[in-house]
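Report on the structure
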Amino acid sequence: MSAKDFFPWTAQKVLGGETLALSKLSELPAEAGRDRENYRLYGTKSTVLIPLSVGRGEVFGVLTFAVTREERDWPKRVVQQLQLVAQIFANALARKRADQGLCESECRLREQLEEIKRLKLQLEQENVYLRDEIMLQHRHEEIVGRSAAMKKVLGQVEQVAGTEATVLLQGETGTGKELLARTIHNLSSRKERPLITINCAALPPTLIETELFGREKGAYTGAMTRMAGRFEVADRSTLFLDEIGELSLDLQVKLLRVLEEGRFERLGSTKSLQVDVRIIAATNRDLAQEVAAGRFRRDLYYRLNVFPVSIPPLRERSEDIPPLVWTFVNQYEKKLGKRVDHIPRNAMDAMQRYPWPGNARQLRNIVEHAMITSSGGKLHLYPPDQAPGDIPTSGSLEEAERKHILGVLVKTAWRIAGKGGAAEILGMKRTTLLSKIKKLGIKRPTL
């Protein structure tokens, strides 16, 4: 999507040759609702936008000065100085296009670039930009998160991506562990080969073993052909083991051998295969507690826990909810053929207060439902099973989460899995929901 899609009113004005100086977002007219929401999304408090053109020619760009720390006024003298900077940029760009290669033009361009550098230093001294922002080397366009917690996670991802170290992603269901795994792979030296994934909770132990290590023809009844396992397919690439905490102890022994030696045998074969595979594992369980309880091998845990990355749940980074909501809105606009210009502030506040037991996956489902039921450019968005008057304003997050899960269980007649079950409504895996029910002390009433 282009800037015109996010800031349609602004684009119309500036591309028409008008300079915009906004001291506060409330100065935007009612028809600029979409622009206002996206300025807030990017943290902009005040801004000046100046069209780039030469003489009376066509506008070919926009120079923007944004303030993200606090609102500020734009006196006429300051705007005139910024317009001078914009004119220098415009002249330099136009001259570079027209006269590149000519000595006289190159000399003038160098002079103008020196002037630009001088003005840039002057603007930096005025603290136009937020200086305590955590700087990342990559844009991570697929990952939405402006909170300090998520920036810390992305910083860890960048640190480890270029190495061959095993990574353990820890976080609740719906926090984006697979998305982070793909990001690590795409930033690694193995990115030219596809990321291979397997969900260790999706299949019974016998099938998981076949999926991981492959099989020979005739290895068991029904094995009519030889099949390569995920380790074999992932040779010289990355293997993502999702829900690693669900593996049986027997399979954990075999997995440990592959991690230590890089060797394994297909089911039904005695021939060892050697592979070069990087491992990224993910779990919503506390593996240290699983080790203490005897459900997870200590040696495998140490082998996986080389570089742990903990992903915070959405309830601990509520400032990420508005940009996530608008990201989902933009995705569903294309899919549903609708356009949303405004989300009421009280609705967004309610979304930020809600504990989101299903995290971003549950939030996406709620936004999709609201997109389907809303019309007219205004998104009627509320937390699950809550009308505007029902939104809680007090109580602990754990109690709110307990009440919500209990309400969904009652609504589904305590049906956990399957179509329309509590796990689907909450945007969780069945095993995660069962774990939360136990942790929160939720018990089904006896008849």
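The structure this text deals with has already been given above.
Quick summary incoming for the structure in this document. (Residues numbered from 1 in each chain as written. Predicted model: local features only at pLDDT ≥ 70, side-chain atom pairs only at ≥ 80, totals over all residues. Heavy atoms only, no water.)

Let us now look at the overall build of the protein chain. Secondary structure assignment for the protein chain yields 18 helices and 10 strands. A buried classification covers 45% of the 447 residues belonging to the protein chain. Surface exposure of the protein chain reaches about 23900 Å², of which carbon and sulfur atoms provide 50%. (Helix = DSSP H or I, 4+ residues; strand = E, 2+ residues; numbered from the N terminus. Buried < 20%, exposed > 50% of the residue type's maximum accessible area, 1.4 Å probe, protein only. Areas by Shrake-Rupley, 256 points an atom, 1.4 Å probe, with all protein chains shown as cover.)

In this structure, F231, L239, L241 and I244 are the most contacted members of the largest nonpolar core, which totals 30 residues. Put simply, the parts of the chain that give this core at least two residues each are β5 (196–199), α8 (205–213), β6 (237–242), α10 (249–261), β9 (277–283), α11 (287–292) and α12 (298–304). Here this core takes 5 residues from α10, the largest share from any one element. For F231, the contacting residues outside a window of four places in its chain are L212, F213, L239, L255, V258, F264, V275, V277 and I279. Grouped together as the second largest cluster of nonpolar side chains are 24 residues, F328, Y332, M351 and V367 included. (Core = buried A, V, L, I, M, F, W, Y, C linked by side-chain atoms within 4.5 Å. Contact = heavy atoms within 4.5 Å.)

Empty space among the atoms becomes visible once a probe the size of a water molecule is rolled across them. Put simply, the second largest pocket is a space of about 730 Å³. Lining of the second largest pocket is provided by 23 residues; of these, N284, R285, D286, S435 and K439 occupy positions nearest its centre. Mapped onto the lining of the second largest pocket, the elements with two or more residues apiece are α11 and α18 (430–439). In terms of residue count, α18 provides more of the lining of the second largest pocket than any other element does, 7 residues in total. Among the residues forming the lining of the second largest pocket, the class breakdown is 3 nonpolar, 9 polar and 11 charged. (1 Å grid on protein atoms, 1.4 Å probe; cavity = no way out; pocket = protein on both sides within 12 Å on 5 of 7 lines; lining within 4 Å. Points joined across faces, edges and corners; volume = space filled by probe spheres on them. Nonpolar A, V, L, I, M, F, W, Y, C, P; charged D, E, K, R; others polar.)

Time to look at the packing of aromatic side chains. On inspection of all chains with the given rule, the structure shows 7 aromatic pairs. Considering the side-chain rings of F7 and Y42, the 6.4 Å spacing of their centres and the 40° angle between planes classify their relative orientation as tilted. Placement of F7 in the loop between α1 (3–6) and α2 (8–15) and of Y42 in the loop between α3 (33–41) and β2 (46–52) is noted, with a sequence separation of 35 residues between them. Between Y301 and Y302, the ring centres sit 5.8 Å apart and the planes meet at 45°, which makes this aromatic pair tilted. Looking at Y302, the relative accessible area reads 52%, which means it is exposed. Through a chain of ring-to-ring contacts, the aromatic side chains of F7, Y39 and Y42 assemble into a single cluster. (Phe/Tyr/Trp six-rings, centres within 6.5 Å; stacked < 30°, edge-to-face > 60°.)

Along the chain, T44 turns up in the loop between α3 and β2. By relative accessible area, which is 10% here, T44 ends up buried. With residues up to four places along the chain from it excluded, the contact list for T44 reads L25, Y39, A66, V67 and T68.

Moving on, we come to the sheet that holds β5. The strand order β5-β6-β9-β4-β10 describes an open sheet built from 5 strands, whose pairing is parallel. At either end of the open sheet lies a strand with only one pairing partner, and these are β5 and β10 (307–310). On average, adjacent strands in this sheet sit at an angle of 20° to one another, irrespective of strand direction. Across 4 bridges, β5 lies against β6 in parallel orientation. Bridging across to β6, N199 finds its partner in D242. Strand contacts of helix α6 (residues 148–161): β4 (167–170), β9 and β10, with the helix running at about 160° to β10, the strand carrying the most contacts. (Pairing = 2+ DSSP bridges. Axes fitted to C-alpha atoms, helices over the stretch in contact; angles between N-to-C directions.)

The terminal C-alpha atoms of helix α15 (residues 359–373) lie 22 Å apart, and with 15 residues this matches the ideal 21 Å at 1.5 Å per residue to within 8%. Of the residues making up α15, those classed as buried are N359, A360, Q362, L363, I366, V367, A370 and M371. (Expected span 1.5 Å × (residues − 1).)

A word on the sheet that holds β2. The strand order across the open sheet formed by 3 strands is β1-β2-β3, and the pairing between neighbours is antiparallel. At either end of the open sheet lies a strand with only one pairing partner, and these are β1 (20–22) and β3 (61–67). Across the sheet, the axes of successive neighbouring strands diverge by a mean angle of 10°, strand direction being ignored. By the bridge criterion, 3 bridges tie β1 to β2 in an arrangement that is antiparallel.

Its 16 residues place the ends of helix α13 (residues 321–336) 22 Å apart at the C-alpha level, agreeing with the 22 Å of an ideal helix rising 1.5 Å per residue. Residues of α13 that are buried include every one of I321, P322, P323, L324, V325, W326, F328, V329, N330, Y332 and E333, and no others. Where α13 is buried, its residues touch α1, α3, α14 (345–353) and α15.

Our focus in this paragraph is the packing of α3 against α13. Contact pair α3 / α13: the axes reach a minimum separation of 9 Å and the direction vectors enclose 135°. Looking at the two axes, α3 sits oblique to α13. Every pair of crossing elements has a handedness; the one defined by α3 and α13 is left-handed. Along its contact with α3, which presents R34, E37 and L41, the element α13 presents P322, P323, W326, N330 and E333. Taken together, the residues of the contact of α3 with α13 break down into 4 nonpolar, 1 polar and 3 charged. (Parallel < 35°, antiparallel > 145°, perpendicular 65-115°, else oblique. Left-handed = near helix turned anticlockwise from the far one by under 90°.)

Attention shifts here to the environment of E399. Tracing the backbone through its elements, the reader meets E399 in helix α16 (residues 397–411). Taking C-alpha positions, E399 is 8.5 Å from L440, a pair spaced 41 residues apart along the chain.

As for its placement among the helices and strands, I366 is situated in helix α15. Remark: the alpha-carbon pair of I366 and V325, spanning 41 residues in sequence, is separated by 9.4 Å. If we skip the residues at most four places from it in the chain, I366 touches M351, W356, L381, Y382 and P384.

Our focus in this paragraph is a negative patch on the surface. The grouping of E27, E70, E71 and D73 at the surface amounts to a negative patch. On the secondary structure map, E71 appears in the loop between β3 and α4 (76–99). (Patch = residues over 30% accessible without salt bridge, like charges linked within 9 Å, V, L, I, M, F, W, Y side chains within 5 Å. Salt bridge = Lys/Arg side-chain N within 4 Å of Asp/Glu carboxyl O. Lys, Arg positive; Asp, Glu negative; His and termini not counted. Charge placed at Lys NZ, Arg CZ, Asp CG, Glu CD.)

Here we take up the pairing of β6. Burial of β6 is extensive: 6 of the 6 residues sit out of reach of the surface. Here β6 pairs with β9 via 5 bridges, running parallel. Residue pairing for β9: T238 is matched across the bridge by R278.

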